[in-house]
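So the chains spell out like this:
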Amino acid sequence: MDIGAPGAPAAPVSPGAPGAGGMQLPGAPPQDPPGPAQQPPHACLHPCLSSPGASEDTSSQEPAPSKDTLGSLRPQEAPAAFVSLEEHEPPGCSSRELVLERARAACRCSPRGAGASLRRLLPVLEWLPQYSPRTQLLGDVISGLLVGIVAIPQSISYSLLANQDPIYGIYTNFFCNIIYAATATSRHASVGSFGVLCLMVGQSVTRHLQLAGYGDSSAALGDNSSSPRNGTEACDRSCYAITVALSLSFLVGLYQILLGVLQLGFVAVYLSEPLLGGFVTGSSLTIITSQMKYLLGLKIPRHEGVGSFLLTWVDLFRYIRNTNICDLLTSLVALAVIVPVKELNERYKERMKAPFPIELLVVIVATIISHYFDFQQRYKAAVCGHIPTGFRKPTVPAFSLFPSLALDALPIAVIGFAMTVSLAEIFGKKHGYAVSANQEMIAIGLCNLIPSFFYCFASSAALTKTLLKESTGSQTQVSGLVTSLVLLLVLLWISPLFYSLQTSILGVVTIVNLRGGLRKFRDTPRMWQLSKLDTVVWWATMLCSTLVTTEIGLLVGVCFALLCIIFRTQRPRATLLGKVSNREIYEDQAAYKQLSSIANVKIFRFECSLYYANKDYFKAVLYQKTGVNPVLLAARASTEPGSGRGCWGAGFGCLRQAGRGAEKPAADARPPCPEMHTLILDCGAMQFIDTVGLSVLKETHQDYKEVGVQVLLANCNPSIRQRLREGGWAGQAGSAGGQLAFHCIHDAVQFAERWHRGDSQDRQAAPPDPEDGTFQVSL
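Residue numbering note: each chain is counted from 1, following its sequence as written. Under the rules for a predicted model, residues below a pLDDT of 70 receive no local features and side-chain atom pairs below 80 are neither given nor counted, while totals for whole chains, interfaces and linings still include all residues. With hydrogens and water stripped out, all remaining heavy atoms of the structure feed into the side-chain values.

**A word on the overall build of the protein chain**
And step 1. When its secondary structure is counted, the protein chain shows 27 helices and 13 strands.
And step 2. Between buried and exposed lies partly exposed: a residue is buried under 20% and exposed over 50% of the maximum accessible area for its type, with that area taken using a 1.4 Å probe on protein chains only. Here the protein chain, with 779 residues, has 51% of them falling under the buried criterion.
And step 3. The contact definition used throughout considers only heavy atoms, calling two residues in contact when any of these lie within 4.5 Å. Sequence-distant contacts in the protein chain: of pairs separated by 6 or more residues, those separated by 24 or more amount to 81%.
And step 4. With the model as given, the accessible surface of the protein chain reaches about 36200 Å², and the carbon-plus-sulfur share is 61%. Runs of E in the DSSP output that reach at least two residues are strands. Runs of H or I that reach at least four are helices, and both are numbered from the N terminus. Calculation of accessible area relied on Shrake-Rupley with a 1.4 Å probe; when residues are assessed, cover is drawn exclusively from the protein chains displayed.

Here it is as C-alpha cells:
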C-alpha cells in the first residue's frame, strides 16, 4: 500500500527508474535500497510521521514530489521526509499461561508470603508497631471520646429507624469500631450505624415481620413482653426483628467480602456523585417522613413498598387530631435548641477545638425531665423503656431467611461499601496516605459479618462521625477503639438510665442529622449550569428513592446514569477544525475565532469512540459538517446525462473531460467533488473502535474515494492503529494500510498538500490519456 494512496496500486517502476526503492522526496539525502537485513522482523503498522526537520511546510524551497514518486514508495522505502515506527513484539505468553502463572503464585506458600498476606488482611499489624503515643495518643483519645459521645444518641435513634430495640444499635457501633480498627487502611473513617442503611434494614425487617404474622407493632421500644401473633412461643416480635436484621447483616458482609476478595472494588465507580447525592437526599426525605409519627406521638402503621412516602403522609394528616401534645412540644423545644447550636458548630468549627455535644446534652436533660415529671404515665408519651446491660450470648443467623433476604442485602452492600470507600479515599487523599479500595470492602464486610453473631445490624462509614473524627485531631484508628470503650461503658452501666427517654427526642436527633442531605437541593442550580445530564440523574434518583422505594430508586439511578453515558456517546460533539495562525495547532472553528481553513482540505473531529451505537450519527454529521455526501454525489453523477463520458479523476476530485475518445469511459471515472480533495479524520478523542466502527471507516474511505477524495486519519492511538491494520483499513488485512494513519493533524495536512501539488504539476506537464488502459490514478 502506498503512503497516502488509499486503495489504488502504484504504477510499476523499474529498479533504475526515478521512483525505485532508492528514490526519496526532493531535498532528501540519497539512500541505498533496503536489503533483506533491513526488512522489519514482523508485519507491523508504519504510521507516517514528519521528521523534526520537516515540521514546517518547505514546499517553497523545494520542488513538489511527483505522483510517480509518491506512488512508488513502499512501506520499507519511506522517504526521508517521513519516518516509520515499528511496534514492539507482542508478549509471547498466552492468556492461559498468564492465568496459570498467577494461580501458581497465589497457591505458593512461604513464611514471608504468609506474613505479607496477614499484614494485608490486618493492616493494624503494620501501623501499630510504628504508633507513637507521644505524638498521636492525645489526638486519638480526644477524637474517640467526642465521637463516642455523639454515637450514644445516634445509636439509640438509628435503632428506632432500623425497627430494633436501642440496645442493638449500641452493640452495632461497639463491635464494628473494633473490627474496622484492625482491618481498615483508612485512618480517619468512622464506621457505625448509618441513616440510609438503617432505613433499608428497617424496611426489610418490617416486610418480614408482616410476612411472619406480627404486623406493625406500635409498642414502645424495649418492650419485649408483646406476645407473638404467629402462634409460636419461641420468639416474640423483638426477637424475630433482630433475627431478620442480623441475618441480613451476615449476607451484606458476605457480599462485601466476596467483592473485595475478587478485586471488584471498581464497581463503586458506577455510583457517580450525582447518583449518590440524589439517593441520599431521597432517602433523607423518606427517613424524615418515617420519623414524623414519633415527633407527633401518633400510632400509625409503618408503610413499606411502592408509594409508602405518600401513604405515610396521608395517614399523618388523617390522624393529626390524635397528636400527643407532650411529644409535640418536646420535639419543638428540642429542635429549637439543637438546630441553632449545630449551625453555630459548623460556622465556627475552625475556631472551636471540638463541637459542642448538644445532642447528648439534650438527651440527658430530656431523660431527666421525662423521668421526674413522669411523662409516660401522665401524658401517655412514648419512651424507650428498659434497655438491658451487658452482652447476650452469640447466635447464628437464620439460614432459612437467606433466600428471602438475598435480594434485600445486595443494595445495602453496594451502598455500604460505596460510602465507606468514598469517605476513606477522600480523607486519605487529604492527609496524603494510600487507601486500598478492595481492603476497605473486606474491612466493612467483616464489620457486618462478624457482628451479625452478636445481634448487630448492617453498618458502614458515617459522614457526620467521620467529619467529627477528622476535625478533632484523630490520626489513627486508635480513636475508634476509644469510641468503643465509651460505648462499652454505656453497655455495662449507663444504658438503663435511658428508660424514660422519649422516642420523640430520638426522632429529632435523627432528623437533625439529615440536614446535609436536604441541603443538596441548594446545589441543583449550580449543578444544572455545569451538567444538565448530571442534574437529571440526581433528580431521577431522588424522586424514585422517595416516591417508589429506596432499592428501586438506586436501581433506577444506576440505569439512568448508564443511559446518560450511552446518550453522550451516541450523539457526541462533532466539529470541523481550523488552523491557528503560524502554529501547528488545529482547533474547533465553531468555538474559536481567527482560525483559518485549509484550502480543499476538511479536518473532522468526532469526540467519542466509534462503535455500533453511533455509527449512523457519525456518517450523518460527517456529511453535514463537510457539506459533501459522497453517496448522493455519486448517485447524482451516475444519473446525469453524459455521465458515461470519459473522464479522469484528479487528485482533488475534479473531473476534466478528455479531448478525445469521449465515447469510452475511463478506467477510474469519478464524479466531481470541487469542495475538497482530502478529508482528515481526527481520531484523538476515540478510545476504541469496534468491528462496526471499523466497517464504517472503511465504507467512508471507499465512498469518498469514489468521488475523488482521499481519507486520512490522524491522532490514532496504538490500539486503534492495531485494529486498522488487522481489519484491513485501506487495504487487505495485515497490509500497510496504516500508512494512512498519521500521528498528528499537521503531518496529515502537509502530506495532503504535497501530494496535491505533485499531482497538479504532473497533470500540467503531461495529461494522461483516458483511453490508455494501463493508466491508473492512485490517491
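**Side note on the pattern of salt bridges**
And step 1. Each salt bridge in this description consists of a side-chain nitrogen of Lys or Arg and a carboxyl oxygen of Asp or Glu lying within 4 Å of one another. In total, this model carries 14 salt bridges according to the counting rule given.
And step 2. Between Lys615 and Asp616 there is a salt bridge whose closest N-O contact spans 3.1 Å.
And step 3. Each member of the salt-bridge network shares a partner with another, and the members are Glu343, Glu346, Arg515 and Arg519.

**Let's talk about the nonpolar core**
And step 1. The nonpolar core is taken to be a set of buried Ala, Val, Leu, Ile, Met, Phe, Trp, Tyr and Cys residues, with the residues joined through side-chain atoms within 4.5 Å. One finds Val201, Tyr240, Ile412 and Phe417 to be the most contacted residues of the largest nonpolar core, which totals 112 residues.
And step 2. With 13 residues, the top contributor of residues to this core is helix H14 (residues 402–431).
And step 3. When near neighbours in sequence (up to four residues on either side) are disregarded, Val201 contacts Ala162, Ala245, Leu248, Ile412, Phe457 and Ala458.
And step 4. Residues Tyr617, Phe618, Tyr623 and Val709 belong to the second largest nonpolar core, which totals 32 residues.

**Considering the pairing of strand S5 (residues 574–580)**
And step 1. Of all seven residues making up S5, five are buried, and the element is well covered by its neighbours.
And step 2. At least two bridges found by DSSP between two strands are what make those strands a pair. For S5 and strand S8 (residues 601–606), the ladder comprises three bridges, and the chain directions are antiparallel. Across the sheet, Leu576 pairs through a bridge with Phe604, a residue of S8.
And step 3. Two strands pair when backbone bridges link them, and S5 and strand S6 (residues 586–588) are joined in this way by three bridges, in the antiparallel orientation. From the neighbouring strand, Lys579 faces S6, where its bridge partner is Tyr586.
And step 4. Hairpin connection between S5 and S6: a loop of five residues separates the two successive antiparallel strands, and Asn582 in this loop has a positive phi of roughly 60°.

**Quick look at the packing of aromatic side chains**
And step 1. To pair, rings of Phe, Tyr and Trp, with the six-membered ring standing in for Trp, must have centres within 6.5 Å; the planes then decide the type, stacked if under 30 degrees apart, edge-to-face if over 60, and tilted in the middle. The tally for this structure, following the rule as stated, stands at 25 aromatic pairs.
And step 2. Seen from their ring centres, Tyr168 and Tyr455 are 6.3 Å apart, and the 25° between their planes marks the pair as stacked. Linking Tyr168 in helix H6 (residues 166–183) with Tyr455 in the loop between helix H15 (437–449) and strand S4 (460–461), this pair joins segments that are 287 residues apart in sequence. Note on accessibility: Tyr168 and Tyr455 belong to one class, buried.
And step 3. With 5.2 Å between their ring centres and 80° between their planes, Trp538 and Trp539 make a pair best called edge-to-face.
And step 4. Classification of Trp538 as buried rests on a relative accessible area of 2%.
And step 5. Linked through ring pairs, Tyr168, Tyr171, Phe174, Phe175, Phe391, Phe454 and Tyr455 together constitute an aromatic cluster.
And step 6. One cation-aromatic arrangement involves Arg187 over Tyr433; the distance from NZ or CZ to the ring centre is 4.3 Å.
And step 7. Throughout this description, the term charge over a ring refers to an Arg CZ or Lys NZ atom that lies within 6 Å of the ring centre and within 35 degrees of the ring normal. Across the ring face of Tyr455, the terminal group of Arg392 is positioned such that the distance to the ring centre comes to 4.3 Å.

**Comments concerning helix H9 (residues 273–296)**
And step 1. Across its 24 residues, H9 extends 35 Å between first and last C-alpha, which sits within 8% of the 34 Å expected from 1.5 Å per residue.
And step 2. The largest bend along H9 reaches roughly 30° and is located at Ser290.
And step 3. With 22 of its 24 residues buried, H9 lies for the most part within the structure.
And step 4. Positive backbone phi, approximately 70°, marks Gly297, located one or two places after H9. To estimate the expected span of a helix, count its residues, drop one, and scale the result by 1.5 Å. We define the bend at any residue as the angle between the axes fitted to the seven residues before and including it, ending there, and the seven starting there.

**As for helix H18 (residues 503–512)**
Note on helix geometry: an α-helix contains 3.6 residues per turn, so any two residues three or four positions apart are oriented the same way.
And step 1. Of all ten residues that make up H18, ten are buried, and the element is covered over most of its length.
And step 2. By the burial criterion, the buried members of H18 are Thr503, Ser504, Ile505, Leu506, Gly507, Val508, Val509, Thr510, Ile511 and Val512.

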